[in-house]
Structure formats: structure tokens, C-alpha cells
Amino acid sequence: GGGGEADGAASLPTKGSARAASASEGAAKEPAAEEVAQWVGEPISLGERGERFYQAVSVEEEHFHVGDDVVVSGHCEREVMVARVVSLWESGEGEKEAELKWYYSPEQTASGRLAGHDPRELF
């Protein structure tokens, strides 16, 4: 579906922050190093305010590319969200950032899960 998606910028993980894993993997991993996120390759473009845009990032030795769907764990194991990586960049101040398009399960909407919803459905 397309109606419930939302865009938002988020900082990429650093030691002790939220965990990330690929959708195919299912389970998230704990950050292991001081600098968890590392850019893959050279910047693909430069922004007006000194931003450097990238096509991929490595988090705990797993690569995530623009266009990938990812599972993001929150502060507790039950808090899991699915998002698509829209953009990856480093700010002029050196902060690693990602723009994500978030998807929601029917339970996370005002109407909740209805009889016709597939168990795997996301909006």
C-alpha cells in the first residue's frame, strides 16, 4: 500500500543506539564497535550545505543501499518497524543521516486490523 507511508530523517546508529537488520534476516544485532555505521564507496553527489550523499552504508558489516527495505528495532524487542532507505548522507558537521520511508502494520493505524487484511500487509 501507499497511503500510510511517511518520510523522515534519522541519524544512523552509533554505539548504544537503535539496532538495524535487513528484512530478510529478521533479527536485529547489537552494535559492536564505537563507530557502527561506515560509508561504502565514495560520495555520489554534494549538497548545497556541504552534505555528501552516498549510495550505501555498512552497519555491523552488513551493507544497506538506497532503495533497500530494512527492519529497525526500537528500544524494546517488540518495537519493530519496516522502512525503505530513501537517501543516505553525511552533514557538513560530520553527522551520518538517512531518510527513511516508514511502513505501518494495520494495528498501527486508526482503523486497526480488518478482516480483509493479509497477515503480512503493510501500508
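Residues numbered from 1 in each chain as written. Predicted model: local features only at pLDDT ≥ 70, side-chain atom pairs only at ≥ 80, totals over all residues. Heavy atoms only, no water.

Examining the pairing of strand β7 (residues 62-65)
Okay, step 1: The side-chain alternation of β7 yields one buried face, formed by Glu62 and Phe64, and one unburied face, formed by His63 and His65.
Okay, step 2: Looking at chain direction, strand β6 (residues 56-59) and β7 are connected through 4 bridges and run antiparallel. Paired with Val57 across the bridge in β7 is Phe64. (Buried < 20%, exposed > 50% of the residue type's maximum accessible area, 1.4 Å probe, protein only. Helix = DSSP H or I, 4+ residues; strand = E, 2+ residues; numbered from the N terminus. Pairing = 2+ DSSP bridges.)

Remarks on the environment of His63
Okay, step 1: As for its position among the elements, His63 is in strand β7.
Okay, step 2: A relative accessible area of 41% means that His63 is categorised as partly exposed.
Okay, step 3: C-alpha of His63 to C-alpha of Trp39: the two residues are 24 residues apart in sequence and 9.1 Å apart in space.
Okay, step 4: Apart from the residues within four sequence positions on either side, His63 is in contact with Val40, Val57, Ser58 and Asp68. (Contact = heavy atoms within 4.5 Å.)

Some points on the nonpolar core
Okay, step 1: With 16 residues, the main nonpolar core has Val57, Val59, Val70, Leu88, Leu100 and Trp102 as its most contacted residues.
Okay, step 2: Of all the secondary structure elements, the ones that give two or more residues to this core are β3 (37-40), β6, β8 (69-73), β9 (80-90) and β10 (96-103).
Okay, step 3: Among the elements that line this core, the one with the most residues is β9, at 4 residues. (Core = buried A, V, L, I, M, F, W, Y, C linked by side-chain atoms within 4.5 Å.)

Remarks on the sheet that holds β3
Okay, step 1: Strand order across the open sheet formed by 3 strands is β3-β6-β7, with antiparallel pairing between neighbours. Whereas interior strands pair on both sides, the edge strands pair on one side only; in this sheet they are β3 and β7. The sheet shows a mean angle of 30° between the axes of neighbouring strands, direction not considered. (Axes fitted to C-alpha atoms, helices over the stretch in contact; angles between N-to-C directions.)

What about the pairing of β6?
Okay, step 1: Going residue by residue along β6, you find Ala56 and Ser58 tucked away on one face and Val57 and Val59 tucked away on the opposite face as well.
Okay, step 2: The pairing of β3 with β6 spans 4 bridges and is antiparallel. Paired with Ala37 across the two strands is Val59, which belongs to β6.
Okay, step 3: Between the antiparallel neighbours β6 and β7 lie 2 residues, among them Glu60 with a positive phi of about 55°.

Quick notes on the pattern of salt bridges
Okay, step 1: The full count for this structure, using the stated rule, is 5 salt bridges.
Okay, step 2: Across the pair Arg84 and Asp69 runs a salt bridge whose closest N-O atoms are separated by 2.8 Å. Remark: Asp69 occurs in strand β8 and Arg84 occurs in strand β9; sequence separation between them is 15 residues.
Okay, step 3: You can call Arg84 partly exposed: its relative accessible area is 33%.
Okay, step 4: Take Asp69: its relative accessible area is 35%, and that puts it in the partly exposed class.
Okay, step 5: One salt bridge in this structure joins Asp118 and Arg120, with 3.1 Å as the shortest N-O distance. (Salt bridge = Lys/Arg side-chain N within 4 Å of Asp/Glu carboxyl O.)

A closer look at the confidence of the model for the protein chain
Okay, step 1: Considering every residue of the protein chain, the mean pLDDT works out to 77; 70% of them sit at 70 or more.
Okay, step 2: By mean pLDDT, strand β2 (residues 19-22) is the weakest element of the protein chain at 38, and strand β5 (residues 52-54) is the strongest at 97.
Okay, step 3: Note that pLDDT drops below 50 for residues 1-5; the model gives that stretch 10 contacts with residues more than four away or on any other chain.
Okay, step 4: The low-confidence segment residues 14-33 (pLDDT under 50) makes 39 contacts with residues lying over four places distant or belonging to another chain. (pLDDT = per-residue confidence, 0-100.)

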